[in-house]
There are 2 protein chains.
Amino acid sequence: MPEAVDQLIHAEWIIPVVPENLLLSDHTLVVNRGRISAILPTEKVAEQYQSAQEISLPGHALIPGLINSHTHAAMALLRGLADDMPLMTWLNEHIWPAEARWVSEEFIHDGTQLAVAEMLLGGTTCFNDMYFFPDITGRVASSAGIRAVLGLIAIDFPSAWASDGDDYLHKGLQVHDQFRTNPIIHTAFAPHAPYSVADPILERIRTLADELEIPVHMHVHETHDEIVQGLQNQGKRPMERLHDLGLLSPSLAAVHMTQLEKSEIELFAASGGQVVHCPESNLKLASGFCPVTELTEAGINVALGTDGAASNNDLDMLSEMRSAALLTKGVANNASALPAAKALSMATINGARALGLQQETGSLEPGKSADLVAVDLHRINTLPVYHPISQLVYAAGREQVTHVWVAGRHLVSEGSLTTLDLQQLAARSKDWRERILATDVDN
Amino acid sequence: MPEAVDQLIHAEWIIPVVPENLLLSDHTLVVNRGRISAILPTEKVAEQYQSAQEISLPGHALIPGLINSHTHAAMALLRGLADDMPLMTWLNEHIWPAEARWVSEEFIHDGTQLAVAEMLLGGTTCFNDMYFFPDITGRVASSAGIRAVLGLIAIDFPSAWASDGDDYLHKGLQVHDQFRTNPIIHTAFAPHAPYSVADPILERIRTLADELEIPVHMHVHETHDEIVQGLQNQGKRPMERLHDLGLLSPSLAAVHMTQLEKSEIELFAASGGQVVHCPESNLKLASGFCPVTELTEAGINVALGTDGAASNNDLDMLSEMRSAALLTKGVANNASALPAAKALSMATINGARALGLQQETGSLEPGKSADLVAVDLHRINTLPVYHPISQLVYAAGREQVTHVWVAGRHLVSEGSLTTLDLQQLAARSKDWRERILATDVDN
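Along each chain, residue indices are assigned from 1 in the same order as the chain's sequence is written. Following the order in which they are written, the chains are lettered starting with A and the ligands numbered starting with 1. For this predicted model, a pLDDT threshold of at least 70 governs which residues receive local features, and a threshold of 80 or more governs which side-chain atom pairs are given and counted, while totals over whole chains, interfaces and linings are taken from all residues. Heavy atoms throughout the structure, all of them, feed into the side-chain values; hydrogens and water do not.

1. A closer look at the overall build of chain A
Note on conventions: DSSP H or I runs of at least 4 residues are helices, E runs of at least 2 residues are strands, and numbering of each starts at the N terminus. Within chain A one finds 16 helices and 18 strands. Dimensions along the principal axes, computed over C-alpha positions, put chain A at roughly 70 × 45 × 45 Å. Accessibility here uses a 1.4 Å probe with only protein chains present; expressed as a share of the type maximum, an area under 20% marks a residue as buried, one over 50% as exposed, and anything in between as partly exposed. Split into buried and exposed, the 443 residues of chain A put 66% on the buried side. Residue contacts follow a heavy-atom distance rule, with two residues in contact if any of their heavy atoms lie within 4.5 Å. Once local pairs closer than 6 in sequence are excluded, the contacts in chain A between residues at least 24 apart make up 72%. The Shrake-Rupley method, run with a 1.4 Å probe, gives the accessible areas here. Residue values count only the displayed protein chains as cover. Summed over its atoms, the accessible surface of chain A is roughly 14,600 Å², and 48% of this surface lies on carbon and sulfur atoms.

2. Some points on the interface of chain B and chain A
How large an interface is tends to be reported as the accessible area lost when its parts come together. On the chain A side, the residues contacting the 65 residues of chain B number 65 residues. The contact between chain B and chain A buries some 5,000 Å² in all, and 57% of this surface belongs to carbon and sulfur atoms. Throughout, buried area stands for the accessible area (probe radius 1.4 Å) lost by two parts on being put together, summed over both. When the buried surface of chain B facing chain A is broken down by residue, B:D84, B:I380 and B:Y386 rank first, second and third, together holding 16% of it. The salt bridge criterion pairs a side-chain nitrogen of Lys or Arg with a carboxyl oxygen of Asp or Glu, the two atoms within 4 Å. For the salt bridge of B:E399 with A:R398, the shortest nitrogen-to-oxygen distance reads 2.6 Å. Any N or O atom pair separated by 3.5 Å or less is treated as a polar contact, with the protein-specific requirement of one donor-capable and one acceptor-capable atom, and with residues adjacent in sequence counted only for side-chain atom pairs. On inspection of chain B and its partner chain A, the count reaches 38 residue pairs in polar contact (both at pLDDT 80 or more). Elements with a minimum of two residues in the side of chain B that touches chain A: α3 (105–121), α10 (279–284), α12 (317–332), α15 (388–394) and α16 (422–437) of chain B.

3. Quick notes on the sheet that holds strand β3 (residues 24–32) of chain B
Pairing between two strands requires that DSSP report at least two bridges joining them. Read from one edge of the open sheet, 8 strands run β4-β3-β2-β6-β15-β16-β17-β18 (chain B), paired in mixed fashion. Lying at the two open borders of the sheet, with one neighbouring strand each, are β4 (35–41) and β18 (416–417) of chain B.

4. Observations regarding the pattern of salt bridges
A side chain with one charge can pair with a side chain of the opposite charge if their charged atoms come near. Applying the stated criterion across every chain yields a total of 52 salt bridges over all chains. A salt bridge links B:E360 to B:R147; the nearest nitrogen and oxygen atoms lie 4.0 Å apart. Placement of B:E360 in the loop between α14 (349–354) and β15 (372–376) and of B:R147 in strand β9 (residues 147–154) is noted, with a sequence separation of 213 residues between them. A salt bridge links B:R398 to B:D316; its shortest N-O distance comes to 3.9 Å. In this pair, B:R398 is assigned in the loop between α15 and β16 (401–406) and B:D316 in the loop between β14 (301–304) and α12, connecting sequence segments 82 residues apart. Each member of the pair, B:R398 as well as B:D316, is classed as buried. Because the salt bridges share partners, they merge into one network encompassing A:E280, A:D314, A:D316, A:R398, B:R322 and B:E399.

5. Quick notes on the packing of helix α5 (residues 165–178) of chain A against helix α6 (residues 199–212) of chain A
Each pair of packed helices can be described by the angle between their axes along with the distance between the axes. Residue and element names in this part refer to chain A. Close contact between α5 and α6 brings their axes to 11 Å; oriented N to C, the two are set at 15°. Judged on the interaxial angle alone, α6 and α5 are roughly parallel. Between α5 and α6 the crossing geometry is right-handed. Where α5 approaches α6, its residues G165, D166, L169, L173 and H176 are matched on the opposing element by I201, R204, I205, L208 and L212. Note on residue categories: nonpolar means Ala, Val, Leu, Ile, Met, Phe, Trp, Tyr, Cys or Pro, charged means Asp, Glu, Lys or Arg, and polar means any other residue, Gly included. By residue class, the composition of the contact of α5 with α6 is 6 nonpolar, 2 polar and 2 charged. To get an axis, a line is fitted to the C-alpha atoms, and for a helix only the part in contact is used. The angle between two axes follows their N-to-C directions and goes from 0 to 180 degrees. Any angle from 65 to 115 degrees is called roughly perpendicular, while one under 35 is roughly parallel, one over 145 is roughly antiparallel, and all others are oblique. By definition, turning the near helix anticlockwise from the far helix through less than a right angle yields a left-handed crossing, and turning it clockwise yields a right-handed one.

Written out as structure tokens, the structure is:
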């Protein structure tokens with residue numbers, strides 16, 4: 001007698017990611033109680049499983065949900081407000097003034113919804129966030145059904161969310177408690193950057209992160225200016241300072257890492273720390289090139305993020321994966337660097353590892369949460385399909401994502417969102433546009 | 001009495017590209033006899049024009065058709081056959097054997113149709129091609145309605161198309177004659193590369209190109225190996241050899257140009273030559289970085305191309321434009337380098353200039369051919385729309401292209417092709433996949 005299960009997903013190709021480069025043709029993924037029960041040849045399913053919910057995906061690749069390991073979701077509302085300018089001009093003259101004027105519960109709510117809609121439609125099932133009002137971000141994500149790691153942000157200047165270092169930590173801990181039992185909402189401490197968070201707060205974060213066993217998510221060595229500033233203000237490079245403060249550890253997810261000396265790569269590798277590479281943001285802000293090949297050769301886990309939509313300007317992990325694969329080859333001067341399967345790992349299992357979620361998501365393995373994405377490769381842009389993993393990385397676009405599930409919940413079906421209202425989101429975005437344009441200096 | 005015209009296209013934004021950075025809100029483009037008659041505020045149309053064909057595009061940007069200034073269209077059939085390997089391995093072990101085995105009239109027909117479908121759906125209205133059987137490419141393009149510049153290819157080794165240098169030139173001249181009166185099919189001499197075409201053929205091409213007043217389209221300084229080989233075989237760098245042969249002139253469209261000394265940039269600028277930048281192909285094959293900023297500062301016209309789908313792996317000019325803007329900033333270490341409006345120019349008017357078609361296409365100006373693309377910016381990925389040109393370059397995707405016209409003919413309507421059958425193309429692509437996979441060494 002076949003076992004009754006919640007869902008059977010039959011796909012032309014299943015790419016589990018672990019083990020790397022494995023391609024299963026004409027297989028079925030079995031979902032029960034939100035988790036992956038089994039993956040087996042479709043022809044053998046009938047004798048073992050039955051379900052009222054079956055979906056057949058000819059021409060599709062079924063892959064683990066993509067993990068955006070660094071973003072500022074609500075900044076989607078600032079997408080394209082200020083382009084073609086360097087990081088400090090962009091921050092000081094446009095982004096920070098706009099944030100000071102506009103960041104509020106309503107802004108975070110609407111901005112995060114806009115971002116979540118875009119991410120889900122593009123095949124992202126988990127995002128690692130860093131922004132104000134993480135409680136609102138958590139509420140929006142939970143309601144939409146997307147997995148999120150809320151950044152318990154800390155920064156040396158006051159905001160609508162918190163007044164000082166203590167207040168940021170206090171509110172962060174409340175957010176951590178609030179979502180403790182939510183199976184898809186996780187937390188991480190998120191000290192903004194070495195140049196924007198003082199030593200005492202970083203030390204307390206180190207202690208608290210150890211106690212709560214959650215990651216620390218931080219911009220590190222994003223630009224050359226940051227290094228110069230660290231040398232001026234602390235007499236050492238930021239990495240050395242983080243080392244002295246005890247922050248370098250397997251729980252640190254260091255974002256950007258474009259300015260690295262050989263000894264720093266060795267130090268970081270020895271610490272077991274995680275790197276989050278954001279190639280498009282680094283290019284757009286001309287921040288420098290992350291030495292991905294050297295990092296992976298040193299044994300460091302490298303995950304992938306889009307950064308916020310204001311410096312990218314999208315939240316498209318398929319295109320980010322492609323940019324990472326292409327840019328790594330160019331920077332390494334080696335066309336074999338970061339081959340397609342490794343780029344896919346960066347966007348999935350490496351992200352899960354960086355966020356401490358590798359038991360839960362990041363690959364298609366029995367027991368893990370059913371965080372899944374179906375991509376239709378039988379479209380004009382990806383034909384002929386010689387190698388599905390290559391087509392996925394080098395040719396597939398976000399519009400080829402047809403179905404998305406998080407913890408077994410069907411969030412995108414036939415290219416449409418099931419938990420968010422696009423028209424409402426568009427209307428709210430237009431409303432924010434009017435309000436924000438009225439106060440931007442250049443407009 | 002209002003004048004009767006063929007079509008009225010009302011758009012929320014019209015971006016003519018010439019003059020650069022101009023944005024017209026709530027304007028109408030008037031099309032008559034395949035040409036742009038006028039662009040005027042929508043509120044003033046009724047008193048001057050009337051048409052049985054009117055289309056309203058709220059939330060859309062109407063832009064000049066994108067010009068893919070370097071591709072090998074039929075290679076779409078080899079998309080993803082061999083990835084993650086350097087240029088010479090890729091060519092010698094995979095691409096050239098596959099071509100030797102498979103290139104035929106049928107291959108070119110099916111491959112070009114696949115490429116043209118992808119290009120049209122992504123907003124490309126003109127492509128500059130270099131491949132075998134340009135007569136077939138011309139026939140497919142003309143029938144599909146897309147503008148094309150057929151490369152009259154010359155290369156030192158025999159192919160199914162021609163047996164030797166003389167034969168390539170002879171057949172090329174026949175193709176030139178065959179399409180002489182076709183208003184959307186143009187020609188250019190296309191000697192493959194300095195390392196693959198001998199001096200006598202290059203000299204004849206120089207003379208013939210002057211006589212016929214058509215461009216010369218050639219891979220130049222693509223990789224470091226090419227330079228080394230030139231020094232070994234001819235005792236000089238390829239650029240110097242081209243200069244000695246008289247090839248450096250305003251009619252030369254030099255593709256790639258990743259290996260350039262300062263004196264070579266000066267020499268090339270003085271010659272009035274054109275550069276075609278292919279950022280994604282250069283990254284994927286780790287060929288080097290084209291110094292776009294230095295080239296434009298030297299006054300050189302820089303156009304944009306995808307290269308063939310086998311080294312990209314798509315023919316998406318919107319994404320290529322974005323890659324160019326991002327990569328140029330990274331390489332120049334300057335976030336203000338190649339701002340959005342200049343990237344859009346590269347993908348439109350600069351391409352027209354490089355191909356000698358600037359009187360005919362590349363911008364929205366009265367008298368030019370109605371080669372037009374409508375992009376829907378009111379989609380989740382491009383909201384809010386603070387600056388339409390920024391959103392177009394940094395956030396819009398090919399799936400946001402809704403309408404495409406070439407010479408006033410409506411080739412994509414509401415996202416669907418009007419002149420090609422997608423299902424038939426998909427079936428043929430699958431058929432080619434089976435045949436080609438059976439003979440590739442790695443498969």
